[in-house]
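Structure assessment
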Amino acid sequence: MYAIGLQPFEEVAIWAVFGVAILGLLYAIFLRSQILREDKGTEKMQEVWNAIKDGADAYLRKQFRSILPLIGVLTVALFFSVYIVPPSPEALERFKGVDPNTVRLWIGIARAIAFVMGAGFSLTVGQIGMRMAVEGNVRVASASKRSFGDALRIAYRAGTITGMLTDGLGLLGGTIIFIILGIAAPDALLGFGFGGTLLALFMRVGGGIFTKAADVGADLVGKVEAGIPEDDPRNPAVVADLVGDNVGDCAGMAADIFESYEVTIVSGLILGLALWHITGRLEWIIFPLMVRGIGVLSSIIGTYVVRGGPGKGGDAMAAIFRGFLSSAAISAALFFIAGFFYLRSPEMAQWGGWWRLPMAVGVGVLLAILIDRLTEYFTGTHATPVNDIKRAADTGPATLILNGISVGFESSVWSVLVIALTIVASIFIFGSIPAAQGAVKATFILYGVAMTGIGMLTLTGNNVAMDSFGPISDNANGIGEMAWSGKTDKATKDAQQIMADLDAVGNTTKAITKGVAIGSAVIAAVALFGSFLVDVSRAQTGMGVAPENLISALGIRVDIPQVFVGMLIGGALPWLFSSFAIQAVARAASLIVMEVRRQFKLGVLEGKVKPDYRQAVSISTTAAQKELVSLALLGIVTPIVVGLTLQVEALGGFLAGIIVSGQLLAVFLNNSGGAWDNAKKLIEDEPRDPKNNTGKGSERHKAGVVGDTVGDPFKDTAGPALNPMIKVVNLVSVIIAPIVVQYAGVGGVTAWVVWIVALLLLGVLGWAVMRSKAPAPSMTEEVKGVKRTSKQKA
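Treat the numbers as computed from the prediction; the structure is a model and nothing was measured. (Residues numbered from 1 in each chain as written. Predicted model: local features only at pLDDT ≥ 70, side-chain atom pairs only at ≥ 80, totals over all residues. Heavy atoms only, no water.)

On to the overall build of the protein chain. For the protein chain, the count of helices and strands is 23 helices and zero strands. Scaling as 2.2 N^0.38, a compact globule of 794 residues should have a C-alpha radius of gyration of about 28 Å, and the protein chain matches this with 26 Å. When the backbone C-alpha atoms are referred to their principal axes, the protein chain occupies close to 80 × 60 × 45 Å. When contacts within the protein chain are restricted to residue pairs at least 6 apart in sequence, long-range pairs at least 24 apart make up 85% of them. When the accessible surface of the protein chain is summed, it comes to about 27300 Å², and 66% of that surface belongs to carbon and sulfur atoms. The positive charge centre, built from 64 side chains, and the negative charge centre, built from 61, are 4 Å apart in the protein chain. (Helix = DSSP H or I, 4+ residues; strand = E, 2+ residues; numbered from the N terminus. Rg over C-alpha atoms; globule rule 2.2 N^0.38 Å. Contact = heavy atoms within 4.5 Å. Areas by Shrake-Rupley, 256 points an atom, 1.4 Å probe, with all protein chains shown as cover. Lys, Arg positive; Asp, Glu negative; His and termini not counted. Charge placed at Lys NZ, Arg CZ, Asp CG, Glu CD.)

Next up on the list: unusual backbone geometry. Despite not being glycine, Q647 shows a phi value in the positive range, around 80 degrees. Within the fold, Q647 resides in helix α19 (residues 613-684). Residue classification places Q647 among the partly exposed residues on the basis of a relative accessible area of 27%. Of note in the backbone geometry, N693 takes a positive phi value of approximately 60 degrees without being a glycine. (Buried < 20%, exposed > 50% of the residue type's maximum accessible area, 1.4 Å probe, protein only.)

This brings us to the side chain of E684. Residue position: E684 is located in helix α19. At 2.9 Å, the side chain of E684 forms a polar contact with the side chain of H701. What E684 contacts, discounting residues up to four positions off in sequence, is K223, E230, K696 and H701. (Polar contact = N/O pair within 3.5 Å; in protein donor to acceptor, adjacent residues only side chain to side chain.)

This brings us to the confidence of the model for the protein chain. Confidence in the prediction for the protein chain averages 85 pLDDT; 95% of positions are at 70 or higher. The least confident element of the protein chain, judged by mean pLDDT, is helix α23 (residues 790-793) at 33; the most confident is helix α12 (residues 384-392) at 93. A low-confidence stretch, residues 778-794 (pLDDT under 50), is modelled with 22 contacts involving residues beyond four sequence positions or located in other chains. (pLDDT = per-residue confidence, 0-100.)

In this model helix α16 (residues 490-542) runs 76 Å from its N-terminal to its C-terminal C-alpha over 53 residues, within 8% of the 78 Å that 1.5 Å per residue would give. Taken across its 53 residues, α16 has 42 buried, putting it largely inside the fold. G544 sits one or two residues past α16 and shows a positive phi near 90 degrees. (Expected span 1.5 Å × (residues − 1).)

What follows is the structure, given as structure tokens:
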């Protein structure tokens, strides 16, 4: 264990955390065996299930091939990134007596390997999690014939497998890096976090475009134009819609939460290392790892609290939230117990006492609960906002859409206030330490923010289980609709009602976990902003800058024009990113609409020909792959260009702009979309009565469907993808900042090289923008497979 002054208890604690990570993975394997033993239902159900399974597998294989070249290029770039600047003091201390060039080589290899490991773990969480969700959905549909409790148990535990993979692999990777590198771990952890975040961005963007292109196309033609039910087997886009739920909500969200899990620990350890330099105490580094281990144990226990009754009805939301609260209570108690026994020493008393760290983590758990409740209020079917949107359907789609927009705007304000109060809490907890003054106090406060982020994602196992519960229930409902189409017996109706109830709850749990993901993204970004200040100050110190002129002492001054320009660019980037993501959905959805109309004209509705599900899957897959690299490059290249052209202070302003703007926009997109979706479901649950304009097929229902289709790319494409995009920008900024400081104010040939690199990167940005704005291939090319001309290919 390569760390300075590590006590025997601390060594035992680190290995115990390593053991807990393995336990989380073993628990995922145990749950998998439980799920696979459940009944898969009838032959017809398995036929639908196999179509979903094949489509999802094919999409993920193609996605992996699309992103592999960029992963290779970035691995090489990260290896060489350590050669441009001197080795960190921690790396020189870790490899004491070794030539600095050799240290650079070893740290470069470690960062590159960590990047590949982070990307690989993120990919593993997404792919295995999605495959287990696919395995679970048909079994939930079958269990709904037996009881509500069985269906709830299978759906939640299938999602918990993904949660435990996220916990286990996230904790395992971070702990291994710390065990090997000790105090030099942050150099490699940046690569680990960047790898996980970049893969999450790929999976979020691609999965989001796929799922919503299919969903919007299927709804507009099927529900609005043809008047057929959702998931009607005659709809050629229905399988693509169900596939999309898995590649978007399961694979994408799992990878998203995984990278948030990693980024919070990365920022916590970087700031903890800064406090180690100030105080000489390793508790700032060890305690965050202990917190993560406690979270895994608490999530495992909370799984068994989620259960429904033996009958045909129950409150799934209450059962899921009961499990979440149970895990939260257990975690909070264990945080304070661990803090009392580990942090209660005279040395820590000098720095404010043992209670401050567990208190900050506890605030993070409370933040997760508050965002949970806030998101449920604005998107849940029992609260006022969604019911107001439902009533707005009386006067048509325009008023319904306006009402949903206002709900999204309001929810953004309350969410940002909750996060602001969390940061204020960190100020109260760490800002009153007598020995901490000036820049040191700011470092303590930012460390407290990082600890709230770690606390917020302590219950990652529960959060991911809640999110996966949504698409699993949605797919189960779809399988039931398709397999039992035309059946009217009581058992089938009861089973369909159970799945409809679980599906409605799943919409809310998805919105809640997206809210938690957005909140954690902002907290992680603020903590990474602190890491950015720490790394820039260290680089400036190495360049001989006086302490009073360090960025940590002066801060980021918005009255400097370059900083303000950086802030404006940072504030604009989430809007450009969201615009391109929604444009991609609109283009692909148009192709799906035309394909479904084409098949309906052939007599699919009348049963003259069978629907061809593969075409819609192929269209969605192609559309999703087109946008992957170009949208990722917006997040990777923009901060580098800002840093090289406007210098490091402007890069700090850029980060501030993207954090504020991205938070407000992401919450708006997430909650307005979720509210429209659940308002539509409330209308569908009404008794069907053409005279009173209620229920499915009514004008009110059509208005609800229009609102839902507008909200689909909001809540499932652009909004969720902003989370990893914000963190990609922050991590790239932290990595590039020492390089920007190193070459600030240089002249001669070096200055020309810097500007040539900046211009080349501007060209890459231009290509990414043009690629994202390029029109989709025509319908003839997509559907009939006509070979394009060379001009069209270009």
